[in-house]
Amino acid sequence: MKIEIEGQDAVKATEELLAIEGIEGSYQTVDEVEREGTVATIATIVGIVSGTFAIAESLHKWKEKYQKSLHDPTGTRIEKVLIVTPDNHRLLLKDATVEQIQAILEKSKKK
């Protein structure tokens, strides 16, 4: 499973994402940046070592933190987060529920 993160603080957000208990993976920055000041990373999740519901809740809280930051000029800036499963199912986290996140984690875990 891959998680694409775009925004000024994508690296910091990706590091926090990979620090969530139960997620194992790594990331790389993407050189092709569309707008000045925007950074993109791709996190590759190689393992989900605890329950998908707990991880889905953690991802949802992580996403909420970054969505709130868009309205705060001093906050960390993340513009887009997209989960892509190995069979190419995609979920944009902007309006995703915990249940939707859990469902996509379950699909990825079965691969």
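As shown above, the structure is provided for reference.
Calculation rules
Residues numbered from 1 in each chain as written. Predicted model: local features only at pLDDT ≥ 70, side-chain atom pairs only at ≥ 80, totals over all residues. Heavy atoms only, no water. Helix = DSSP H or I, 4+ residues; strand = E, 2+ residues; numbered from the N terminus. Buried < 20%, exposed > 50% of the residue type's maximum accessible area, 1.4 Å probe, protein only. Arc of directions from axis to C-beta. Pairing = 2+ DSSP bridges. Axes fitted to C-alpha atoms, helices over the stretch in contact; angles between N-to-C directions. Contact = heavy atoms within 4.5 Å. Core = buried A, V, L, I, M, F, W, Y, C linked by side-chain atoms within 4.5 Å. Salt bridge = Lys/Arg side-chain N within 4 Å of Asp/Glu carboxyl O.

**Student:** Explain the environment of E99 to me, using residue names and the numbers behind them.
**Tutor:** Here E99 lies in helix 3 (residues 98-110). By relative accessible area, E99 is classed as exposed at 53%. When the C-alpha atoms of E99 and A56 are compared, they prove to be 7.5 Å apart, with 43 residues separating the residues in sequence.

**Student:** So, helix 1 (residues 10-18): which residues are in play, and what are the values?
**Tutor:** Among all positions in helix 1, only A10, A13, T14, L17 and L18 are buried. Here the buried residues of helix 1 occupy an arc of 135° about the axis, which is enough to place them on one side.

**Student:** Can you explain the sheet that holds strand 3 (residues 39-48)? Please cite residues and give values.
**Tutor:** Adjacent strands of a sheet pair through backbone hydrogen bonds, lying either parallel or antiparallel. Strand order in the open sheet formed by five strands is 2-3-1-4-5, and the pairing between neighbours is antiparallel. The open sheet has two free edges, formed respectively by strand 2 (23-30) and strand 5 (90-92), since each of these has just one partner strand. Averaged over all adjacent pairs, the angle separating strand axes in this sheet is 20°, with direction ignored. Taken together, the eight bridges between strand 2 and strand 3 define a ladder with antiparallel strand orientation. Bridge assignment links T29 to a residue of strand 3, and that residue is T41. On top of the sheet, helix 1 reaches strand 1 (2-7), strand 2 and strand 3; it is set at about 10° to strand 3, its chief contact.

**Student:** Describe in detail the nonpolar core, supporting the description with residues and values.
**Tutor:** I3, I5 and W62 are the most contacted members of the largest nonpolar core, which has 27 residues in total. Of all elements in the fold, only strand 1, helix 1, strand 3, helix 2 (52-69), strand 4 (80-84) and helix 3 reach the threshold of two or more residues within this core. A total of five residues in this core trace back to one element, the largest contributor, which is helix 2. Residue contacts for W62: discarding those within four places in its chain leaves I5, A13, E16, L17, I20, V81 and L93.

**Student:** Go over the pattern of salt bridges, please, and point to the residues and values.
**Tutor:** Where charged atoms from two side chains of opposite charge come close, those side chains can pair. The full count for this structure, using the stated rule, is three salt bridges. Ionic pairing is found between E16 and K65, a salt bridge with its closest N-O pair at 2.8 Å. Highlighted residues: E16 in helix 1 and K65 in helix 2, separated in sequence by 49 residues. Relative accessible area serves as the criterion here: at 25%, E16 is assigned to the partly exposed category. Take K65: its relative accessible area is 43%, and that puts it in the partly exposed class. Residues E64 and K63 are paired through a salt bridge, measuring 3.1 Å at the closest nitrogen-oxygen approach. By relative accessible area, K63 is classed as buried at 5%.

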